[in-house]
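# Architecture and fold: a report
Chain by chain, the residues run as shown.
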Amino acid sequence: MELAEKIINGERAAIAKAITLVESSKQDDRIESRKLISQLIDNPGKSIRVGFSGPPGVGKSTFIESFGSYLVGKEFKLGILAIDPSSQITGGSILGDKTRMIEISKNPNTFIRSTPSRGSLGGISNGTREASIILDAAGFDYIFIETVGVGQSEVVASNLVDIFSLIVGPGSGDELQGIKKGITEYADIFIVNKNDGNLKIEASKTAADYKSAISYYKKNEDSSSKEVLLVSAIEQTGMDEVINTIQGIVLQNKKNNSFESKRSEQLKFWLSEEVKNIMQLNIQRKIDKAGSIGHFSDRIINGDISMYDAIETITNKLQNE
Amino acid sequence: MTDKFRENFGNWQKSFEKETKQSSVKANSDTDEGIEIKPVYTKDDLKKLSFVEENSLPGQWPYTRGPKASMYTNRPWTIRQYAGFSTAEESNEFYKKNLESGQKGLSVAFDLPTHRGYDSDDDLVMGDVGKAGVAIDTVEDMKILFNEIPLDKMSVSMTMNGAVLPVLSAFVVAGEEQNVKKNLLSGTIQNDILKEFMVRNTYIYPPEPSMKIVADIIEFTSKEMPKFNSISISGYHMQEAGADNVLELAYTLADGMEYVRAAMSKGLNVDNFAPRLSFFFAIGTDFFMEIAKLRAARTLWSKIMKDFGAKNEKSLILRTHCQTSGVSLTEKDPYNNIIRTSYEAMSAILGGTQSLHTNSFDEAIALPTDESARIARNTQLILQNETGVTKTVDPLAGSYFVESLTEELSQKAWEIIQEIEELGGMTKAVKAGIPKLKIEESATKKQAKVDSGNRVVVGVNKFKNPKEPSVDVRVIDNNKVRDDQIKKIEEIKGTRNQKAVEKSLSDLTNAAKENSNLLAYSIEAIKNRATIGEVSKALEEVYGRHFATSLSVSGVYGKHFENDEDFMNVKDKVEGFEKSNGRRPRVLIVKMGQDGHDRGAKIVATSFADMGFDVDMGPLFQSPKDVAKDAIENDVHAIGVSTLAAGHKTLVPELMKSLKELDPNSKMIVFVGGVIPEQDYDFLYKNNISAIFGPGSNIIESAEKVIDLISTNLE
């Protein structure tokens, strides 16, 4: 049986090996990977892809454990791609997300894959988009993509999913002034976690802060509705609202055709990203080959040439090649 | 200071520099505690004492010199050997034999399912029944355990923390049914849950309800069991998990403070329970440091208790049990362990311990045999009867060195205790995971020192024995033990008054809801022949079961090897592997079953990551099936199973079976590390295990072997 077929049959080991393939940096694997993805794209599933991002320590994995248990309890099949921030000094990484996903990792209706981010910009690893295509073809109802929220990552992460949510902790409302457009623009749902014990009042206050902050965007973008929800991952409260909100947004977006149009926009985004990536790699290769950077930087330091003149000379030279 | 002393000191410096060819006298700073050890100490150093009182004598504030005035001159320490063998019958035999050969107290080791509140017939504990101690499911097992041992005369120490309510209840009921009233029972229950969250992981409920249970037991015993020590505040397991002596000292005392607060919050007067608090420390191979630790512990505790407003002198005194270090034992050249244990025992005695367990030399590999247990006990009998150490109290007092070390340890520990206090006490610190992380960092540093050869371990990284002796170890048939226990459970469940059981269990659940003291309710349920598991579940309904999240250190191991050839060689191999395979070698490190000792797993994970591996960490207490699913989904190249509780013979074959079920063509490599007797190697290799790494394995060499195996396997 071919790999694609096995994936469509939902064979766990095949799905896992396919994800390894699309994440591989080896040239041969890249070719194989493209073939596989084109086969799978012809057999789309019905998955809803949901992104969960947020700062470290806010309880993302714990929330996913809690919300995920709730969903599999309702007989949904759940695929999870957890992007783990990896250590940059050594190149190796410790993938510990699963130590916080104890219950759902046991469940036969889940598939959980951790991937080291390898420090790639935006915290999204190479192959995450393809991995979600694999899980979609394998028949999962929901695909969760968990990323660490570090500034620019939200743009990339939000382009991988149908619904992008941001998990925040009580007290984070104070930082809203600093967040500005970026995050609030890309997120569809704000989940205020740790609405439990002593933190309840603080959590409600934070939710109110977010509500007032997003009211500005609501006025401008009538097609999208942004929601702020209060949950406790530990006590597993507020989960009904999360799923209702997700399903509500999906339903509304399907009705007004923005669900599909968003997916086409995302396709555009990735097309341009991939082209950019390839071009960037090519240019980098050219720059390295030309060896001009070292040469000119020495000259700038010696005062033989100004920085601006050097930039112009190098770019002219590269463009003429 | 007299001029004569100055002159002498100046001359000594010159001679020292000449002999050592150094330009100045340098201290040796290579202690785990970060304390500099000077080549010579003088009366100058005594001027710096602030915690230690120079004029104090044994039995006097601040008790640095010992809790009693006469100490061993009047009565030597209690020889108390910790043991438990699979079944109550076997353990009972063993205890009786020991009591005949001069042992004075009993110490019970329970098996892992009992610790975690599971009955032997629970599917979750398949591989753990009878491992690392005795299986107790009902009071009937407890009665067999103490058969023909009069509980009004024998002091019994029980290492129990998680399932502390049902186990203590079973002890009380066993006593009652021997016609011994509970006020006559003497002994100790460990009941120290905080350190479980830090290192040993045999907890059941989350930290807050667990602390409530601790306080319940202190309250109940202070009123009803005056001869029973309600808690043994333990640093032992911290040192075993890799904590240095400052961390062990500070965290243990900080735990103690938290228990005192918990008991006082019940409205108890501090002097009503504080005299029944006892401590438990590990004694490792750093001879003088360990002596100083015990002296410092007493010094600090008296200060702490005074601050709590204790008036009774007995409340101010720290009494402790000690055990020689298990982690210092090596699998290689195992007879060396007898010598290590002897020196450690000597440290404990010179430090003034009240009771002592000496490890058997084969405990790095398995539970002790009769023969090895005899040698361990004789180590103490020789100390007591032949060496003369009992003739003088605190013989090292006044030693410039030992007094300085006592002072420095006190100061350093005091700083950490203040940090914990600022965080709001140990329960909060534990919840935030801070002590656990600090201990893991210390453990990783120690391992790196050994692996890099900076710290010599005789027979392991130097002076290796070319002819490794083979040692006979005790073998346990885990399946038989489990079958027998299941039979007994069925029998009891068939004959007990089911209605009474159900009523007492629901009373217990309600008591938990109403926040009443739980011990009396638990005793009632156990008396009605409810099982340990049923009692634990009745409380789980209210409190839930605790799952720990796990933080990891990184970079600590690698830092010790910046220019190390072997280390760089593995890193290069990893990078080469990534180039030819499109990803880094990926390894899943797991523990299976109820064994919560995760120091080894954590050190392997962080050091492999420092060498460039991608390391998946599994949660604790996984079943082989869960591990297989995790491994397959993450498409790892290899699984490393860490095992310290002898469950490998059941759990590893199960894992191999589950892997094959999920992926018949799986090429995944499985290696095993931890405490594995050589007798089991063949069995494991036959089950397609690719490599076995015993205690004391060099991690860099292990990593190299793993990446070589993975590479060959992929060709």
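The coordinates are above.
Below is a summary of the structure that appears in this document. Residues take numbers from 1 onward in each chain, read along the sequence in its written order. Labels are handed out in written order, letters beginning with A for the chains and numbers beginning with 1 for the ligands. Side-chain atom pairs in this predicted model are given and counted only at pLDDT of 80 or more, local residue features only at pLDDT of at least 70, and totals for whole chains, interfaces and linings cover all residues. Heavy atoms from the whole structure form the basis of all side-chain values; hydrogens and water molecules are not counted.

To locate leftover empty space, one rolls a probe as large as a water molecule over the atoms. Residues and elements named next belong to chain B. Here a cavity is any set of points on a 1 Å grid over the protein atoms alone where a 1.4 Å probe fits but cannot get out, and a pocket is any open set with protein on both sides within 12 Å along at least 5 of 7 lines; a residue lines the site when it has an atom within 4 Å of a point. Grid points are joined across faces, edges and corners, and a volume is the space filled by probe spheres set on the points. Inspection of every chain in the model, using the stated rule, returns eight cavities of 30 Å³ or more. By volume, the second largest cavity amounts to about 80 Å³. Along its surface, the second largest cavity is lined by 15 residues, and Ile-349, Leu-350, Gly-352, Asp-394 and Pro-395 are the ones closest to its centre. A run of DSSP states H or I qualifies as a helix once it reaches four residues; a run of E qualifies as a strand once it reaches two. Both are numbered from the N-terminal end. Put simply, the parts of the chain that give the lining of the second largest cavity at least two residues each are helix 12 (287–307) and helix 14 (336–351). The biggest single contributor to the lining of the second largest cavity is helix 14, with three residues. The classification used treats Ala, Val, Leu, Ile, Met, Phe, Trp, Tyr, Cys and Pro as nonpolar, Asp, Glu, Lys and Arg as charged, and all other residues, Gly among them, as polar. Residues of the lining of the second largest cavity, tallied by class, amount to seven nonpolar, four polar and four charged.

It is worth spelling out the pairing of strand 12 (residues 614–617) of chain B at this point. Residues and elements named next belong to chain B. Residues Asp-614 and Asp-616 point to one face of strand 12 and Val-615 and Met-617 to the other, with burial holding for every one of them. The pairing criterion is simple: DSSP has to find at least two bridges between the two strands. Pairing between strand 11 (residues 586–591) and strand 12: four bridges, direction parallel. Each residue of the ladder has a partner; that of Leu-588, found in strand 12, is Asp-616. Buried residues are those whose accessible area, probed at 1.4 Å on protein chains only, stays under 20% of the maximum for their type, while exposed residues exceed 50% and partly exposed ones sit between those limits.

Let's shift gears to the packing of aromatic side chains. Each aromatic ring pair is summarised here by two numbers: the centre-to-centre distance and the angle between the ring planes. Pairing of aromatic rings covers Phe, Tyr and the six-membered ring of Trp, with a centre-to-centre limit of 6.5 Å; geometry is then stacked below 30 degrees between planes, edge-to-face above 60, and tilted otherwise. All chains considered together, the criterion is met by 32 aromatic pairs over all chains. Their ring planes at 70° and their centres at 4.8 Å tell us that Phe-279 of chain B and Trp-301 of chain B sit as a pair that is edge-to-face. With Phe-279 of chain B in strand 8 (residues 277–283) and Trp-301 of chain B in helix 12, this pair connects stretches of sequence that are 22 residues apart. For the residue pair Phe-279 of chain B and Trp-301 of chain B, the accessibility class agrees, reading buried in each case. Between Tyr-335 of chain B and Phe-361 of chain B, the aromatic rings sit 5.1 Å apart at their centres with planes inclined by 40°, giving tilted as the arrangement. Remark: Phe-361 of chain B occurs in the loop between strand 10 (355–357) and helix 15 (370–385) and Tyr-335 of chain B occurs in the loop between strand 9 (320–324) and helix 14; sequence separation between them is 26 residues. Tyr-335 of chain B gets classed as partly exposed once you look at its relative accessible area, which sits at 39%. Among the aromatic side chains, those forming a connected cluster through ring pairs are Phe-52, Phe-63, Phe-67, Tyr-70 and Phe-144 of chain A. By definition here, charges over rings are those cases where NZ of Lys or CZ of Arg is within 6 Å of the ring centre and within 35 degrees of the ring normal. Sitting over the ring of Phe-259 of chain A, Lys-254 of chain A keeps its end group 4.9 Å from the ring centre.

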